[in-house]
Amino acid sequence: FKDGLGIPTGQGTTMPASEEFWNTYACVFAVCAIKLVVMQVLQVRCHLAGNNLRQKEDAGFFLAPVFQMLLVATGPATSMEFEARLSNNVRNCVESELWCALIAGVCGFVCTPPAVAVLLLKVWLAFRFAHFVFHIVIPLQPFRAICWIGGTVVLVFFAYTILEQKKATLIAFKDTKFEL
């Protein structure tokens, strides 16, 4: 169906995944977004506490004292070592969580996710939070690595589901002849 401008409206189309899948998906990745923002705010707090300016234009920033007061930029968890841990975890979130959001979303959009998919989204979120705890709050190996592996297995599950259900596309692509 198209609107008056000829743009598809989406009416008459359905996504294979259930409403429960999409509701869980939305909540899981909203929680991840909030976790990421909290870590970024904690990074700013560390920089303000140590007067460690990241950019030259930050020197003399007239709102810096307000941010220092609002973020309680003093006390525990303000060292640059802690900031480095936060920075590493933020990078890990971007490297891991965005890929899972993309692949799980594609899986729900173009495939019929198995019934276990909703549970796996919740398990994946638990692994990501445990990874955060064992990286930032209680730095402890091998638990952090185990959590990362668990989350990665869930990501691979969603990727495999796509490949398994769309293998005909892969087979057709294999037989495509490209000419210049």
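Residues numbered from 1 in each chain as written. Predicted model: local features only at pLDDT ≥ 70, side-chain atom pairs only at ≥ 80, totals over all residues. Heavy atoms only, no water.

**Let's talk about the overall build of the chain**
Regarding its fold elements, the chain presents six helices and zero strands. Secondary structure of the chain in N-to-C order comes out as α-α-α-α-α-α. In terms of overall dimensions, the chain is more spread out than a globule: its C-alpha atoms have a radius of gyration of 22 Å, far above the 16 Å expected for 180 residues. In terms of overall dimensions, the chain has a C-alpha envelope of 60 × 50 × 45 Å along the principal axes. In the chain, the proportion of contacts linking residues at least 24 apart, taken out of those at least 6 apart, comes to 80%. Accessible surface, the chain as shown: approximately 11,700 Å² in total, 69% of it carbon and sulfur. Where the 14 positive side-chain charges of the chain centre and where its 12 negative ones centre are 4 Å apart. (Helix = DSSP H or I, 4+ residues; strand = E, 2+ residues; numbered from the N terminus. Rg over C-alpha atoms; globule rule 2.2 N^0.38 Å. Contact = heavy atoms within 4.5 Å. Areas by Shrake-Rupley, 256 points an atom, 1.4 Å probe, with all protein chains shown as cover. Lys, Arg positive; Asp, Glu negative; His and termini not counted. Charge placed at Lys NZ, Arg CZ, Asp CG, Glu CD.)

**Focus: the environment of Cys147**
In this fold, Cys147 is placed in helix α5 (residues 143-165). The spacing of Cys147 and Arg128 is 19 residues in sequence and 6.8 Å in space, taken between C-alpha atoms. Contact partners of Cys147, with chain neighbours within four places excluded, come to Phe127, Ala130, His131 and Phe134.

**Quick look at the side chain of Thr78**
Mapped onto the secondary structure, Thr78 falls in the loop between α2 (64-70) and α3 (80-110). The class for Thr78 is buried, based on a relative accessible area of 14%. (Buried < 20%, exposed > 50% of the residue type's maximum accessible area, 1.4 Å probe, protein only.)

**A word on the environment of Val90**
For Val90, the location among the structural elements is in helix α3. Residue Val90 is classed as buried on the basis of its relative accessible area of 12%. For the pair Val90 and Val38, spaced 52 residues apart in sequence, the C-alpha separation works out to 10.0 Å. With sequence-adjacent residues up to four places away left out, Val90 is seen in contact with Leu36, Met39, Gln40 and Gln43.

**Describing the nonpolar core**
Soluble globular proteins tend to bury their nonpolar side chains together. By size, the foremost hydrophobic cluster in this structure holds 22 residues, and its most contacted members are Phe21, Tyr25, Val28, Phe29, Leu121, Trp124 and Phe158. Mapped by element, the contributors of at least two residues to this core are α1 (19-49), α3, α4 (117-137) and α5. Looking at this core, the element that brings in the most residues is α4, giving six residues. Excluding its chain neighbours within four sequence positions, the residues that come into contact with Phe29 are Glu97, Cys100, Ala101, Leu121 and Trp124. Counting residues in each nonpolar core, the second largest holds eight residues, with Met39, Cys46, Val90 and Phe132 among its members. (Core = buried A, V, L, I, M, F, W, Y, C linked by side-chain atoms within 4.5 Å.)

**With respect to a nonpolar patch on the surface**
A surface patch of nonpolar side chains, about 730 Å² in accessible area, is lined by Phe61, Phe62, Leu63, Val66, Phe67, Met69 and Leu70. With respect to the element layout, Leu70 can be found in helix α2. Overall, Leu70 belongs to the exposed group, its relative accessible area being 61%. (Patch = residues over 30% accessible without salt bridge, like charges linked within 9 Å, V, L, I, M, F, W, Y side chains within 5 Å. Salt bridge = Lys/Arg side-chain N within 4 Å of Asp/Glu carboxyl O.)

**Re α4**
Under the 1.5 Å per step criterion, the end-to-end length of α4 is 29 Å for 21 residues, consistent within 8% with the ideal 30 Å. Looking only at α4, the buried set comprises Ala117, Val118, Leu120, Leu121, Trp124, Leu125, Arg128, His131, Phe132, Phe134, His135 and Ile136. For α4, the secondary structure elements touched by its buried residues are α1, α3 and α5. (Expected span 1.5 Å × (residues − 1).)

All we've got here are geometric facts, nothing functional implied.
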